Amino acid sequence: MAFMDLSSQCSKQVSVESIEDAVQMEMQLLQEIYYEELEVEEDESGAVSCIRLSLKPSVGESGEECFVCMTLVINLPSDYPVSSPTFLIRSPRGLSEAHVDSILDQIRQYANQHLGAPCLYSLIDLAKDSLSDNNRPSGECSVCLSQFEVILYSTRAMHHSSPSCRCMLAL
């Protein structure tokens, strides 16, 4: 099933007979797209129970322009997609609590609007778009603790510094 076909399924209900197949195809698609970033847990019966996905903004895939990131945890109920998954955000870097709450609110609302249809890809895409649209760390410089005006330096661990503090953070 093509990428766009799965996204279009989110706008219509999936018949009871095809739910299992649709969920299985959705998981295969996610594993192909996010093969490095995706961790999948299965329950005793072999059904997917939890997905963890490390997300970065689309503009920052190289790491040089990436100032925010997070791990999205999706816990799937046994009757997904009839029931909505639960969502957590772990290890948010460069994100304010308000931004984390906003992302969670958006994906919960979307999931509730699309009950009965497998829509994990669309939910993940929504979260990733939010990171891309707000790829600027909130908070303060890791060295001098002043609010950011310009960000020049970011470590692999997503610690950010202002231009005047770069040499101290690089040590």
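From a predicted model like this one, the values you see are computed outputs, not experimental measurements. Throughout this description, residue numbers start from 1 for each chain and increase along the sequence as written. Per-residue local features of the predicted model are confined to residues with pLDDT of at least 70, and side-chain atom pairs are confined, for both listing and counting, to 80 or more; whole-chain, interface and lining totals are unaffected and use all residues. The side-chain quantities take in all heavy atoms of the structure and omit both hydrogens and water.

Asker: Hey, could you run me through the overall build of the protein chain in this one?
Answerer: Within the protein chain one finds 5 helices and 6 strands. Secondary structure elements are taken from DSSP: a helix is a run of H or I of four residues or more, a strand is a run of E of two residues or more, and numbering for both begins at the N terminus. Listed by position from the N terminus, the elements making up the protein chain come as α-α-β-β-β-β-α-α-β-β-α. Taken across its 171 residues, the protein chain has 40% of its residues classed as buried. Between two residues, a contact is recorded if the distance between any of their heavy atoms is within 4.5 Å. Taking the intrachain contacts of the protein chain between residues at least 6 apart in sequence as the baseline, contacts between residues at least 24 apart amount to 50%. We get accessible surface area from the Shrake-Rupley algorithm with a probe of 1.4 Å; when it comes to residues, only the shown protein chains can shield them. In the form shown here, the protein chain has an accessible surface area of approximately 9,700 Å², with 48% of it arising from carbon and sulfur atoms. Categorising residues by exposure relies on relative accessible area from a 1.4 Å probe, with only protein chains included: less than 20% of the type maximum marks a residue as buried, more than 50% marks it as exposed, and the intermediate range marks it as partly exposed.

Asker: Would you mind showing me how to read unusual backbone geometry here?
Answerer: Most peptide bonds take the trans form, and the phi angle of most residues other than glycine is negative. Each neighbour pair has its own omega, and for Y80 with P81 the value is 10°, a cis peptide bond. Inspection of the secondary structure puts P81 in the loop between β3 (69-75) and β4 (86-93). Residue S91 is not a glycine yet carries a positive backbone phi of 50°. You can see S91 is positioned in strand β4.

Asker: When you look at the side chain of E26 in this model, what are you seeing that I'm missing?
Answerer: When you line up the elements, E26 lands in helix α2 (residues 19-33). Here E26 falls in the buried class, since its relative accessible area comes to 0%. Two N or O atoms form a polar contact when they lie within 3.5 Å of each other; inside protein one atom must be a possible hydrogen donor and the other a possible acceptor, and for residues adjacent in sequence the pair counts only when both atoms belong to side chains. Among the polar contacts made by the side chain of E26, one reaches the main-chain amide nitrogen of L120 at a distance of 2.4 Å.

Asker: Would you mind going over the nonpolar core with me for this structure?
Answerer: As a rule of thumb, nonpolar side chains are buried together in soluble globular proteins. We define a nonpolar core as any set of buried Ala, Val, Leu, Ile, Met, Phe, Trp, Tyr and Cys residues linked to one another through side-chain atoms lying within 4.5 Å. Ranked by size, the top nonpolar core spans 29 residues in total, and within it L30 and L120 carry the most contacts. Those elements that provide at least two residues to this core are α2, β2 (48-55), β3, β4, α3 (97-113) and α4 (120-133). A total of 6 residues in this core trace back to one element, the largest contributor, which is α4. Apart from residues lying up to four places away in sequence, L120 is in contact with E26, M27, L30, I51, I74, L76, Y80 and P85.

Asker: Whenever I open this one, the pattern of salt bridges confuses me. Can you help?
Answerer: Definition used for salt bridges: Asp or Glu carboxyl oxygen within 4 Å of a side-chain nitrogen of Lys or Arg. On inspection of all chains with the given rule, the structure shows 1 salt bridge. R52 is paired through a salt bridge with E41; the nearest N and O atoms lie 2.5 Å apart. Of the two residues, R52 sits in strand β2 while E41 sits in strand β1 (residues 38-42), which places them 11 residues apart along the sequence. Residue R52 is classed as partly exposed on the basis of its relative accessible area, which comes to 28%. Residue classification places E41 among the partly exposed positions, given a relative accessible area of 35%.

Asker: Looking at this model, I keep getting lost on the packing of α2 against α4. Mind explaining?
Answerer: The angle between the axes and the distance between the axes are what describe a pair of packed helices. Angles here are taken between N-to-C directions and fall from 0 to 180 degrees, while the axes themselves are lines fitted to C-alpha atoms, restricted in helices to the stretch in contact. At a minimum axis distance of 9 Å, the contact between α2 and α4 shows a crossing angle of 40°. Contacts between α2 and α4 involve E26, M27, L30 and I33 from the former and L120, Y121 and I124 from the latter. Tallied by class, residues from the contact of α2 with α4 come to 6 nonpolar, no polar and 1 charged. Each residue gets one of three labels, nonpolar for Ala, Val, Leu, Ile, Met, Phe, Trp, Tyr, Cys and Pro, charged for Asp, Glu, Lys and Arg, and polar for the others, Gly among them.

Asker: Looking at this structure, how should I read the confidence of the model for the protein chain?
Answerer: Any segment with low pLDDT has predicted coordinates that should not be analysed in fine detail. Mean pLDDT over the protein chain stands at 78; residues scoring 70 or higher make up 67%. Long-range and interchain partners of residues 1-14, a stretch whose pLDDT sits below 50, account for 30 contacts in this model, where long-range means more than four residues apart. The low-confidence segment residues 167-171, where pLDDT is below 50, has 9 contacts with residues more than four positions distant or belonging to other chains. pLDDT expresses, on a scale from 0 to 100, how confident the predictor is about each individual residue.

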